[in-house]
Structure formats: C-alpha cells, structure tokens
Amino acid sequence: MVWRFVLGVAALLLVHGAHARSGVTLRNSGYEGLVLAIADTVPYDECDQIITNLKTALTDASQYLNGALDGRAFFRSATVLLPSSWKGDCGQVVQPASGEMASRADIRITPQHLLFSDALWTQQSQGCGKPGDFISLAYTRLVNSVQNPGELGRALVREWAKLRYGVFDEAGIPGDAVYPPCYHDEKDGAARVSGCTDKHQNTEGLCENVTQLLLAGDTDTLTPLLVHPEATSSIMFAHTSPSVTRFCDHTTHNRYAPTKHNAMCNRRSVMEVILENDDFKNVPVDATPYFGDTTPTVTFKREVRTRYVLVIEDTNDMLVRESWSFLRSAIRKFTIHDLAVGSEVGIVTVNGTDAVRLQRLVSLNYKTREPVASILPYTPGEFGAPKVESSSCLPCGISTAIDMLTENGEQGGNSVILVIAPGTGRLGELLNLGNQARALGIKIATINYPQMARPTHSSLDALAHLTDAPAFTVLEKRQNQDASFLNSYFELAQALLAIRNEFYQGDRIKLPVEIHRKELTDNGRGKVTGTFVVPPGLGEPSQVHVYLHQSIIPLVKQVTLVSPSQRTYNSKSDELLNIKILKINAIINETGTWTYSIDRHPGSQQPHFIVVAATPQSNEQRDAPVTAHLFTSGKDMRLDGQSGPLALYVEVKQGDWPVLSARVEVKVTKVGNDSGHPYEDRFELLDTGSGDPDITRGDGVYSRYFTGHAQGGAGTYRFEVLVDDNGNTAYTWQTTRDSLGRRSVLDEDQLYPSGQLLSVNSASGRCCGSAIWPQAVHQLVAFQRNLPPLDVEVAAGAAERVDQILPPAKINDLRVLPQATGDLRTRLLWTAPGANGDVGSVDHYEVRFANDLATLVDVFESSQLWPSAPSMPLPAGAETTHTLDFSEMPQLLDQPVFMAIRGINSHGASSPVSNVVRLLVASPPKPPGLPPALDFDPADPSVIPRLAAASGPGLILQVVLPVAAGIVVLAVCVSLYCVMVVHRRKRHSKEPPPSQPPPAQQPYSGPPPRYEAEDDYNKQRDKSIYSTTTVVPIVDPQTQIVNARTLSPYQSWTASQLLHEHERRHSPYGYVQHYAQEGPPVPPPPHDSSIYTVNYYNNSFLSIADEGSAIYGQRPKPGPPTLPKPNVNFNPSLQGSLSSVNSDKKKRNVTMV
C-alpha cells in the first residue's frame, strides 16, 4: 500500500488563531452544517459504495444519537465535499462549495490509518468539555460496512460525542500503563474490566484474555463477554453491543475505573459533561423532546474557487511615512503573484462617511491581474485633508462587501472579506455585521495596519474571531522622519499570504511551502552566508526571494547560491523589484543542503529578508512536507476576569503523521507597549501527555499554558512560533514490511528512554490512550517553519487572576515501574507539573495512600501521608521518579495499597489529585530457621522404643528405612572405590628384569667434577636440569643397568669434544645472536650411542636422577655467581688472526684436559 497524505500542506502551516470552531449549529434539536470531506487520495472507483454507505451511516447515527440524548439532538443536514481529483460526480448533483472547506471538515474520509487501520478515531487536543479537532473515517470502513450494518452509525455517535462534547473513552487501551483494560476492584480486589455499564457482567477471569481479544479486534467474541445482554449503557464503553443505547449518567457511572474519561473529567459521568455543553445548558428542563423523522439531508459540493472583497480604509490615518506605499506593493504582490487563477477579487475603499466600490468582483487571469493590482491610488483619497476625528465608515464598507458577494444569488465559492484599517471606533456595528456574515457563510479576516489610529480605537480582531477567520496586527516601524523599516512591508505581505493559504480552494499540493526564512541585518560585515535543506518530495516550481527596501538602490552587490552538487547560481532578475523582491534565478531540484551568500553594502540600517519556497511533487505520504498549525484554548482571543487559563497548542505533522521530538519555541512580546510594563519571553511547548494541558503523548500536538501576563500586566501579547527539527532529532512514523509483507514493529526501547510510558495501543486499532506509539519511525531531515504571529488581548482582571485560576497542573500519567523480586523498594514515575499549570515548578509534593480506592479518591486529605516525598521538584515537563521504600512501612507488605500524588506551589495552591496506582509489595522470603526444640532427651535409650511404639509403622517408614538405605549406598560406594584402586595398581605395575652380573668396569664413584661457571643463562639452565627428577635407564653394552644414575655428558666426552666446547664458550666472537633467546646448544651425547639411551624431556638433553643418589653422592653447593664475559660482535676480518692467536691455547687446553 502506498500511503498518501490527505490534507493540503498549507492548511496546517498557516491556519492560526482560536481553534477553528465547527460550522455546525443546533437549531430546534437538529444539527445543521455538518461537513464531511473526502480526501483526494480516496479512489474514484469505490465512489458508489462509499456514498451509499455514507448516507446509511449518517441516517443510523442520527437516529442513534437522538435516542441516546432523549430527543435533544439529531443530524438534520450534512454536506459532503467531493475531492477535485474525482473525474466525475458519481451520479450526484454537485454544487459549488459556499463556505465549506475541506481543511475544516468535521469528518475526514481518508485511506486506512497506519496505526488504527479502518477504525474510527477522533483527534482531541484539549481537555474535558472542549471540542475535538476532527473525526477520521477510513473509506474502507464504508466499503465494508455491509458486513456489520448499524455498527458504523453507532461508532459515529461515539466519536461525535468526543468531537462535539469533549468526553473521552470509558474503556481501557491494551498495553496502556495509565488506562489499562482491567483494574483491581477496590471492594474485593478482583480483576475487573475497565468500563461503565448499568448491568454488570461477571468478568472474573477475562482479564487474562481481554488484551489479546482487543489487540485482535475480535469484538464479536469480546462484546458478549464484557457486556450484559440487557445492559443499555455505555456508548463510550461498548457501542458495539446492540443492546447499548445510552451514555452513562451519575446513577450508573463507575467513578473508580481507570478510564481516560474519569482522569480527564474529574470522575464526572459522560452525561453530566454532555449536558453542560453550550448546546444544552440553556435548554429548559421541560423542553419538548423531538422523536420525529431523524433522516438527515445530504448535499454534495466541490471546492471551486475563493472570492475576496478587500475593504481598505482610505483616510489620512493610513499614511504613516511609507505605510501607504507598502500597502500598494503588498496588494500588487497578493493579486498578481499569490492568488490562483480563477480567484475573484473586488476592492472597496471607505472614508469618513461612505464606501466606494473601487473594483467590482472579477476573476483573475493574465489580463485582469494588472488592472486590479494598479487600482489603488498612489496616496490616500483624502490626502492633504485634515484627519477625521471619528472613525471611518468601516460598517459601510463591510455592508457593501456583503452585497457584492451575495448579489444575484451568487454565493458559490469560499467568500472572504478582507478588512485593512487602523482599528475602529465602531466595533459594535461591525460585530452585528459579523453575525450577518457568519449566517451567510462569509468569513471576515482583518489586518490592523499601520497603527491604532486613536486611543479610543479597538482592534479588529474580535470581528475576525466572530467569523472564525485569521486576524493580524502589522504596525509601521519608523526608521527616520521619512522612511519606515522594511519589516512592516514584509509582515504585511506575509499576513496576506497566510490569508490566501487559509482560504485556498483547490488542489493544495500546488501551493509552495516555505522552507527557509531569515532576516539579514547589518552586523559590521558585508557578506552574509547561510544554509537551508530541501527535503525529499519538494522541488520546482520554487522561489528564492530577497526582500529589499529600495528597488532603485537595492544595497545588494551579489547573491550566490550553491546546490548540493556544487552547482552555482548567481543570476538575478529585476522582474519583481516593483514589489520589493530581488528574484534569484535558481532551479531548486536537488535534495540536500544548499548554501548561499549575500554580499550587502555595509552601514545600512534597513534589513533584508531571504525566503525560500518549494512545491510538493506528489501526494504520497513520504514526500509530504512538515507543516504546523497554531491555535489556543480561547474562543475570541481575549482574556478578561471571567476567562479561564490560556493554553497554546501547535500541531506539527508530516502529511497526516505526527512529528515527534520537534522543537516548538514561542516568542512572546507585548505589542504597543504603552502601559510601561515591557515584556518579552521565550519558552518551548511540550508533547508529554501529562494530561494538563497535553492529553496525549506522541500525537504531534505540543502545548503549554501562558502565564506571562501575570508579570506583564494588561495589554496585547504577540506570540511568534518557530518549529524546527531540534538538532536533527525530530522523527515521524514509518511503515515497514517484512519478507512476508507484514508490517514490522519496532521495539519501544529503541524509541523512548527507559522508564517512560510502556504502552502499545497502536496494534489494537483504538485511539487514543495516554500515548500513541508508532510501529516504526524514521528521522526527518532538517526543517524550519515560521508561523504567522498571533495576538491575544489581556484585560486587567485576567492578569490579576492567574494564581487563582491556574494552580499546579494535574498529574495524569502517574505509573509504577516494575520491581525486582524480593525488593522492598519500588519507583513511581510521572511528568512534573508547574507552579501555575505547567509553568515553573511546584514547591513540594504530597504522596498519600490508602487501603481502599474510595477513600483515596473521595477524601484524599484524610488518607495517610507517605513518610518521604521528592525533595527537589524538577521543572515542569521533566520526567520525575521517586523511590518508595516499604521497609519504612512494613505493615503495608503483602496487601494492596492505592496511591496518588499532587503538587503544591509556594502559595499553597495544590493540583487536583493524580490518577491512582495500585501497589502490592511482597515480603522477602524468610531465611531457613533453626530446628524446633526437642521435647525428649536424645541420650535416653528408651526414647526410640517409646517413639516406635507410639508411632507404629510410621516411624519405621520415616526413620529406619532411610537410614538403612543410606548405609547400603555407602557400602556400595566404598566397594567400588576399592575395586578401582586395585585395578589401577595392577595396570601400572611391571615385573622387574632379571638381575645381571655387574660389568667388569666399575663406574666412577668419586665426587663430580667442578666446571667453570657459565653466564647467568647457563647457570639457570643447569639449575633446571639438575633439579629434574625423571629417571632414565642406562644401558651398558655388556650388562643392562636399570634405573641407574647417568653420568654427566662432560665426564663421557672425548678430549677433542671438550676442546671444541671450550673454544665455543670462550671464543672472543661471542655466541651466535639467536642464542640469546634459546641458550647455547646442548652438547651431543658420546659417540658410542650404545652406552647411553637419551630421553629428551622438557627440552633437556638428559633426565637426571635425584641428587641424593649413590652415584653422585651429595652435590656441592654452587659458589657465588661470576659475571658473564662480554660478548664481542662478530667481525669476519679478524677471524684468521684470532684463530692463529688461539692455536697455542688449544694445545694448553688439550694438555690440561
């Protein structure tokens, strides 16, 4: 199977702001505006079956939801977006999309998921009661739904509850250390299946097999075992059971099961959380339920184009140095180079009293682009006139734009109003128009530019957030009295590009992806160098742009670009100088690291910006670029005295797969710092799965709370996010197959450090527990993504309530590490919370325990405190361990103990109680004890008869027979030993030879002769020879003498032999070189070999008898050692003279011998 990514790349790269709210609304118990999008990678050949079964599933889900909510809601209408890749309409009436976008679809129909296969799953980034991100439905599930009719509709309701109401699973995940499939009941200690039901089924003994059944996906076998045939709840536990039709409420909810819903929702029931949703919390209790026809109306549409109406304020407030010139250049870039062919653009300008239709809606092509880009005046329309004291007539311009988008009933396409103005003093009127636009499916994006005209003016952000559109603030930056810094133009151009990417309709694979951006400032050196990496799958068409302040004098001498193959590009183009861009004529078609150098004129205060972009070459998953998406927990990007804590989220993915171990850095600054409280900070977001605010580890969603406004005070805070590969450590999933075509699973120890979560929920087809572990991973190449800035307005009341509304975060991933057998110590492991949420560090921890779960959960403060706790809490996000030594609490051994933990900050605020873990530490094995004391005297001879008489045959069997058997075995062993000894002696014994008469010649019996001392080597050698005790027979030619002592070889040599040996030893030439290693040669035996039989043993030439033998008598002790004679190097020229000199010496030696 070839994996292809589903969503457009730019959609995830530049969408930002509040988490995009779904367009679904509840009216008269019916949900309207549900959007389902079929991915481009879904095959067209399956379209008939997909559409037919999709309609059936929606009908079943609508009826099932209505019954589960007691007539409160059903699906009245839904829109299905067909992909642009389908070559036909599949027999359906297809309309142009009117505000619906595939990037914001509630349900995404995709190919099979790498980990979850064709199971439905919901991505949930936020906590309890908060909406999820989207539902993913594999098209193969639709194709195969006929095998189990009705089950798909029930599964949709289960996932809809997660997406819409923010509830979680009430079933365990196989292999999950935090949310296990089974747990020990606190009443009787029996192992029970995690879940919630109104009729309990006896699941005793099932926990040994439930994990295997869940991993195998065998719901047909598992459901009857887990769910009572008459049970009606819960959908979040066992939706596959035909009898289950309801959610658990407060009467049936199991508060103590270790489920994700209990952990995330503070042990409230699913129905309690649902009824607190905005859809139902204001509905009267006595409202009439609806139980009529619940069949939804399904409409089919296709994305075709985007229609823009630009509303631009045309007053003197827009003229601040070069701000108007920057605006004209940015609009030109937007209309000529950024928008796709077929996009429609209209322009409306507003002054103090009226609105002017400057450009009607026109489709862009090569003929119409230039007239639209040139239509703005060179100066504001009221140039030279005094500035208006009140706000401009922005409501007039927005009303005109709505008329332009809706006149003649033409609403096909994505309709967007883009407002550019220096704030407004008529925000109330604008919000009323925003509600009108929202009802028509029109989005209003805003840019506050170039300033906030007056202190009384309000930001336009609220108008954008009302319609779920991006909002930006770009302030003019002054260089001198007449010039503005280039930063203002660059930020304005990037804001327009982000709006284009957000509302683009069509094949998003055609959109270029920014892979590198860098600001170049004067650092005293004229030449600036840098690098960027082109990942696989990206290439032409590409862009290498250098942004300039002056097009006439660009202040750039030379730009050089070098490819990975060392090909050099240094050709420039003036084609884009009218929009302040110097284009580098390069072909980005090589994967790898590129280098560039820019030779700038030094001394200029104006910066330059280099931007590199490339285009995806295919829609395959392996070629997908890394994308990022910033959003927050706030609804309208404004914090006041009633707002909860602000959490930031960044979703980082490669195609559809999460990017793990990336670095997500947030830079926070205070915009328009007029309050006198400057503020700037940097921090990193985390993907730890700690539970607050990050709820799932490994899902590619990085998060963290923001508490900086407690120090910075009230004002507008800007968040700028940089995402990179974290020093080449980022990685993502990978599909691998073995020789049999099966996907291989990578050992988790190769992915994560020891001691972290050990769960494998990927094989079960279930999403999502405490973490998502991939089956295999691969490292990503270097990347860098800059996200558009996000502004949040903070009121004074919100800044003062940080410590009150944000105590330390809840520890939701407490678990126990395995312990060695017999060890009385065990370790707890968790992710450290912060003093405020996940910021900072707590002051200390409380570890409490109880013998029953209810006490620990319900009255934590009354539970017993563990004697020790971590003494030095680590910063938030760090893995923390703590050793529990049960030798300090021996009374807890051999019994189950329930334990939980919470953090406490320096102000005394405590976090919610963590999830509960169960421990059972066994006592160590006792050492063998002493035998019990005897109650009789062993010396008494009457003891044995008395015991025998008392015990009868039992004593004989227990004592007498074992003793007798032992005696017999001992006797056999002794006998065998004796036989073996005798046999061995016979084998080695030999008969002595018959004695022979002694020879006529008697051997020499005097003392052995004294020889001249040798060098150190010879003395050691002689010592080893004469210490040898091996006896060698000596053979006489007349009579054989056995075991006699041998003569010394020097005693049996002839005179000529002795002379030769003496000359060799005392030669002035010295020994031959190799003698130093092996010693001098051994003298040969006498010439008559019949006299001696030589035994060469252990490299000695003869074996010598004991020194105490009668042959030699007592050997004299050796004298003091003599120094060795110096060796003289051999010289052939001296050989003749030395021989003549020694001739007389030879004669003396013969005489002496």
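Because the structure is predicted, anything quoted here is derived from the model rather than measured.

Definitions and limits used
- Residues numbered from 1 in each chain as written.
- Predicted model: local features only at pLDDT ≥ 70, side-chain atom pairs only at ≥ 80, totals over all residues.
- Heavy atoms only, no water.
- Helix = DSSP H or I, 4+ residues; strand = E, 2+ residues; numbered from the N terminus.
- Contact = heavy atoms within 4.5 Å.
- Areas by Shrake-Rupley, 256 points an atom, 1.4 Å probe, with all protein chains shown as cover.
- Pairing = 2+ DSSP bridges.
- Salt bridge = Lys/Arg side-chain N within 4 Å of Asp/Glu carboxyl O.
- Expected span 1.5 Å × (residues − 1).
- Core = buried A, V, L, I, M, F, W, Y, C linked by side-chain atoms within 4.5 Å.
- Buried < 20%, exposed > 50% of the residue type's maximum accessible area, 1.4 Å probe, protein only.
- Axes fitted to C-alpha atoms, helices over the stretch in contact; angles between N-to-C directions.
- Left-handed = near helix turned anticlockwise from the far one by under 90°.
- Nonpolar A, V, L, I, M, F, W, Y, C, P; charged D, E, K, R; others polar.
- Phe/Tyr/Trp six-rings, centres within 6.5 Å; stacked < 30°, edge-to-face > 60°.
- Lys NZ or Arg CZ within 6 Å of the ring centre and 35° of its normal.
- Patch = residues over 30% accessible without salt bridge, like charges linked within 9 Å, V, L, I, M, F, W, Y side chains within 5 Å.
- pLDDT = per-residue confidence, 0-100.
- Disulfide = S-S within 2.5 Å.
- Parallel < 35°, antiparallel > 145°, perpendicular 65-115°, else oblique.

## Quick notes on the overall build of the chain
Assigned secondary structure in the chain consists of 27 helices and 48 strands. Pairs at least 24 apart in sequence give 76% of the contacts found in the chain among residues at least 6 apart. For the chain, the accessible area works out to roughly 53,600 Å², and carbon and sulfur atoms hold 53% of it.

## Overview of the sheet that holds strand 22 (residues 556–562)
The strands that make up a sheet pair up through hydrogen bonds in the backbone, lying either parallel or antiparallel. The strand order across the open sheet built from 4 strands is 20-26-22-23, with neighbouring strands paired in antiparallel fashion. The sheet terminates laterally at strand 20 (527–534) and strand 23 (568–569), the two strands that pair on one side only. Across 6 bridges, strand 22 lies against strand 26 (residues 592–600) in antiparallel orientation. For Gln-558, the partnering residue across the bridge sits in strand 26 and is Asp-599.

## Re the pattern of salt bridges
If you walk through the whole model with that rule in mind, you get 44 salt bridges. With its nearest N and O atoms 3.3 Å apart, the salt bridge here joins Glu-491 to Lys-477. Of this pair, Glu-491 sits in helix 15 (residues 486–503) while Lys-477 sits in the loop between strand 18 (471–473) and helix 15, placing them 14 residues apart in sequence. Ionic contacts of the salt-bridge type, sharing partners, join the residues Arg-158, Glu-159, Lys-162 and Asp-169 into one network.

## Comments concerning helix 2 (residues 47–68)
The terminal C-alpha atoms of helix 2, which comprises 22 residues, lie 31 Å apart, in line with the 32 Å expected from a rise of 1.5 Å per residue. Immediately downstream of helix 2, the backbone of Asp-70 shows phi near 55 degrees, a positive value.

## What to know about the nonpolar core
By size, the foremost hydrophobic cluster in this structure holds 70 residues, and its most contacted members are Tyr-31, Leu-69, Trp-160, Tyr-165, Phe-247 and Ile-274. In terms of residues, this core owes the most to one element, helix 2, which gives 10 residues. With 42 residues, the next largest nonpolar core counts Val-345, Leu-376, Leu-418 and Ala-445 among its residues.

## Description of the packing of helix 10 (residues 323–338) against helix 15
With their axes 9 Å apart at the nearest point, helix 10 and helix 15 run at an angle of 35 degrees to one another. By crossing handedness, the relation of helix 10 to helix 15 is classed as right-handed. When helix 10 is examined against helix 15, the residues Phe-326, Leu-327, Ser-329, Ala-330, Ile-331, Lys-333, Phe-334 and Asp-338 are found in contact with a partner set consisting of Ser-488, Tyr-489, Leu-492, Ala-493, Leu-496, Leu-497 and Arg-500. Of the residues assigned to the contact of helix 10 with helix 15, the class counts are 10 nonpolar, 2 polar and 3 charged.

## Regarding the packing of aromatic side chains
For the structure shown, the criterion picks out 25 aromatic pairs. Between Phe-74 and Tyr-290, the aromatic rings sit 4.8 Å apart at their centres with planes inclined by 20 degrees, giving stacked as the arrangement. Separated by 216 residues along the polypeptide, Phe-74 in strand 4 (residues 74–75) and Tyr-290 in the loop between helix 9 (270–275) and strand 12 (297–302) bring together distant segments of the chain. Look at Phe-74 and you get buried, because its relative accessible area is 3%. On the basis of relative accessibility, which here comes to 29%, the residue Tyr-290 falls in the partly exposed class. Between Phe-532 and Trp-594 the ring centres are 6.1 Å apart and the planes differ by 10 degrees, which places this aromatic pair in the stacked class. In this pair, Phe-532 sits in strand 20 while Trp-594 sits in strand 26, placing the two residues 62 residues apart along the sequence. For the pair Phe-532 and Trp-594, a shared accessibility class is recorded, and that class is buried. Put simply, the rings of Phe-326, Tyr-489, Phe-490, Tyr-547 and Phe-609 pair up and form one aromatic cluster. In this structure, Arg-848 is placed above the aromatic ring of Phe-860, and the distance from its NZ or CZ to the ring centre is 5.9 Å.

## Section: the side chain of Gln-494
Position of Gln-494 relative to the elements: it lies in helix 15. The buried category is assigned to Gln-494, whose relative accessible area is 13%.

## Here's the deal with the environment of Ala-439
As for its position among the elements, Ala-439 is in helix 13 (residues 427–439). On the accessibility criterion, Ala-439 (70% relative accessible area) is exposed. A sequence separation of 416 residues divides Ala-439 from Gly-23, and the C-alpha atoms of the two residues are 9.9 Å apart.

## Quick notes on the sheet that holds strand 19 (residues 513–520)
Within the open sheet, the 5 strands sit side by side as 19-27-21-25-24. Their pairing is antiparallel. The strands lining the two open edges of the sheet, one partner per strand, are strand 19 and strand 24 (572–573). Pairing of strand 24 with strand 25 (residues 581–584) involves 2 bridges; the strand directions are antiparallel. Note on strand 25: the bridge partner recorded for Ser-573 is Lys-583.

## As for the pairing of strand 15 (residues 355–363)
Pairing between strand 14 (residues 344–350) and strand 15: 6 bridges, direction antiparallel. Note that in strand 15 the partner of Ile-347 across the bridge is Gln-359. In textbook terms, the turn of a hairpin is the stretch between consecutive antiparallel strands, and for strand 14 and strand 15 this stretch comprises 4 residues.

## Looking at unusual backbone geometry
Keep in mind that most residues, glycine aside, have a negative phi and that most peptide bonds are trans. Here the residue pair Ser-233 and Ser-234 is connected by a cis peptide bond, since its omega of 15 degrees sits within 30 degrees of zero. Turning to its location among the elements, Ser-234 is positioned in the loop between helix 6 (219–226) and helix 7 (235–238). Following Asp-692, the chain continues to Pro-693 via a peptide bond in cis, the omega torsion being 0 degrees. The topology assignment puts Pro-693 in the loop between strand 33 (680–684) and strand 34 (701–706). Even without glycine at this site, Arg-267 takes up a positive phi of about 65 degrees. Inspection of the secondary structure puts Arg-267 in the loop between helix 8 (260–264) and helix 9. Residue Arg-267 is classed as buried on the basis of its relative accessible area of 17%. Look at Lys-580: it is not a glycine, yet its phi comes out positive at around 65 degrees.

## Concerning a nonpolar patch on the surface
Together, Val-968, Val-972 and Leu-976 make up a nonpolar patch on the protein surface, roughly 270 Å² of accessible area in all. In this structure, Val-972 sits in helix 21 (residues 953–988). Take Val-972: its relative accessible area is 46%, and that puts it in the partly exposed class.

## Section: the environment of Leu-787
Structurally, Leu-787 can be placed in the loop between strand 38 (784–786) and strand 39 (790–794). On the accessibility criterion, Leu-787 (6% relative accessible area) is buried. Considering only alpha carbons, one finds Leu-787 and Leu-630, 157 residues apart in sequence, at a separation of 7.4 Å.

## Some details on the confidence of the model for the chain
Scored by pLDDT, the chain comes out at a mean of 80, with 74% of its residues at no less than 70. Highest mean pLDDT in the chain belongs to strand 4 (97); lowest belongs to strand 47 (residues 1034–1035) (39). Counting interchain partners and residues more than four positions distant, the pLDDT-below-50 stretch residues 997–1045 has 83 contacts. Confidence drops under pLDDT 50 across residues 1082–1153; counting only partners more than four residues distant or on other chains, this segment forms 103 contacts.

## Quick look at the state of the cysteines
For the structure on display, the rule yields 5 disulfides. The disulfide partner of Cys-47 is Cys-90, and the gap between their sulfur atoms is 2.1 Å. Its S-S torsion of about 90 degrees marks the bond between Cys-47 and Cys-90 as right-handed, since a negative value means left-handed. Note that Cys-47 is positioned in helix 2 and Cys-90 in the loop between strand 5 (77–82) and strand 6 (94–96), a separation of 43 residues in sequence. As far as burial versus exposure is concerned, Cys-47 and Cys-90 are alike and both buried. In this model Cys-196 forms its disulfide with Cys-248; the gap between the sulfur atoms is 2.0 Å. On the sign convention where negative means left-handed, the S-S torsion of about -115 degrees between Cys-196 and Cys-248 marks this disulfide as left-handed. A residue pair is termed long-range when its members are at least 10 positions apart, and Cys-196 in the loop between strand 11 (191–193) and helix 5 (207–216) and Cys-248 in the loop between helix 7 and helix 8 qualify at 52 residues. For the residue pair Cys-196 and Cys-248, the accessibility class agrees, reading buried in each case.

## Describing the packing of helix 12 (residues 394–406) against helix 13
Running from amino to carboxyl end, helix 12 crosses helix 13 at an angle of 10 degrees, the nearest separation of the two axes being 9 Å. Between helix 12 and helix 13, the angle is such that the two are roughly parallel. Contacts between helix 12 and helix 13 involve Leu-394, Pro-395, Ile-398, Ser-399 and Ile-402 from the former and Glu-429, Leu-430, Leu-433, Gln-436 and Ala-437 from the latter.

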